[in-house]
Amino acid sequence: MSQDPHFPEPFPEPVPGHVPGADPAPFAMSLDEFDAAVDHALAAIPADLRQAMDNVVVFVEDRYLPGPGEDPDTVLLGLYEGTPLTERDSWWGAGSLPDRITIYRGAILDICSSAEEVVEEVTVTVVHEIAHHFGISDDRLHELGWD
């Protein structure tokens, strides 16, 4: 079959529900597969660092919902909420709720085009958020190459 010279590449198969001309369709991955990627990223954290993590839980949610006063177009791949280990004092543990790390599945799938990319982005995001738990700032993470 000869190709039209105006369209040197064959047309890709349409993605169900995708509007032509819109942003690329997000990579499709089940919640179980995504959860497994998060579990894999957590398991890859060195054991001594995992043991040093204190009172922190990890959740997977679809998307970050900006609060009042935030830019409604804010997109986050992950979020650490809590008191970093470096800022805790002797009173911190008295009734404190666990720190919370949330990994945003939809936002990550939006920027990935393969399962390998998802696993890599999940790993980088998990490491980034755990670093915040240890008191490492975004600026320092940037210096270290963990953007």
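Shown above is the structure to which this text applies.
Residues numbered from 1 in each chain as written. Predicted model: local features only at pLDDT ≥ 70, side-chain atom pairs only at ≥ 80, totals over all residues. Heavy atoms only, no water.

Draft legend 1. Seen up close, the side chain of Thr102. With respect to the helices, strands and loops of the structure, Thr102 is situated in strand β3 (residues 99-104). Within the structure, the side chain of Thr102 is placed 3.3 Å from the side chain of Arg100, a separation counted as a polar contact. With near-sequence residues (within four places) excluded, Thr102 lies in contact with Phe59, Glu61, Leu77, Gly78, Leu79 and Glu81. (Helix = DSSP H or I, 4+ residues; strand = E, 2+ residues; numbered from the N terminus. Polar contact = N/O pair within 3.5 Å; in protein donor to acceptor, adjacent residues only side chain to side chain. Contact = heavy atoms within 4.5 Å.)

Draft legend 2. Representation of the side chain of Thr125 in the model. Along the chain, the position of Thr125 falls in helix α4 (residues 115-133). With residues near it in sequence (within four places) discarded, Thr125 still touches Leu77, Gly78, Ile103 and Ile108.

Draft legend 3. Broad picture of the packing of helix α1 (residues 31-43) against α4. Following both chains from N to C, one finds α1 and α4 inclined at 50°, their axes separated by 9 Å at the closest point. Relative to α4, the element α1 is oriented oblique. In this structure, α1 crosses over α4, and the sense of that crossing is right-handed. Contact residues: Phe34, Ala37, Val38, His40, Ala41 and Leu42 in α1; Val118, Val119, Val122, Thr123, Val126 and Ile130 in α4. Of the residues contributing to the contact of α1 with α4, the split by class is 10 nonpolar, two polar and no charged. (Axes fitted to C-alpha atoms, helices over the stretch in contact; angles between N-to-C directions. Parallel < 35°, antiparallel > 145°, perpendicular 65-115°, else oblique. Left-handed = near helix turned anticlockwise from the far one by under 90°. Nonpolar A, V, L, I, M, F, W, Y, C, P; charged D, E, K, R; others polar.)

Draft legend 4. α1, seen in detail. For α1, built from 13 residues, the straight-helix expectation of 18 Å at 1.5 Å per residue is met to within 8% by its first-to-last C-alpha distance of 18 Å. Buried residues in α1 make contact with β1 (56-61), β3, α3 (105-111) and α4. (Expected span 1.5 Å × (residues − 1).)

Draft legend 5. Summary view of the packing of aromatic side chains. If you walk through the whole model with that rule in mind, you get one aromatic pair. Across from the ring centre of Phe59, 4.1 Å away, lies the NZ or CZ of Arg100, which sits over that ring. (Phe/Tyr/Trp six-rings, centres within 6.5 Å; stacked < 30°, edge-to-face > 60°. Lys NZ or Arg CZ within 6 Å of the ring centre and 35° of its normal.)

Draft legend 6. Main features of α4. Taking 1.5 Å per residue, 19 residues should reach 27 Å; α4 reaches 27 Å between its end C-alpha atoms and fits that length. Residues of α4 that are buried: Val118, Val122, Val124, Thr125, Val126, His128, Glu129, Ile130, Ala131, His132 and His133. The secondary structure elements touched by the buried residues of α4 are α1, β1, β2 (78-81), β3, α3 and α5 (138-144). Phi turns positive one or two residues past the end of α4, at Gly135, with a value near 90°. (Buried < 20%, exposed > 50% of the residue type's maximum accessible area, 1.4 Å probe, protein only.)

Draft legend 7. Fine view of unusual backbone geometry. Phi at Asn55 is positive, roughly 55°, even though this residue is not glycine. Tracing the backbone shows Asn55 in the loop between α2 (47-52) and β1. Asn55 sits in the partly exposed class, given a relative accessible area of 30%.

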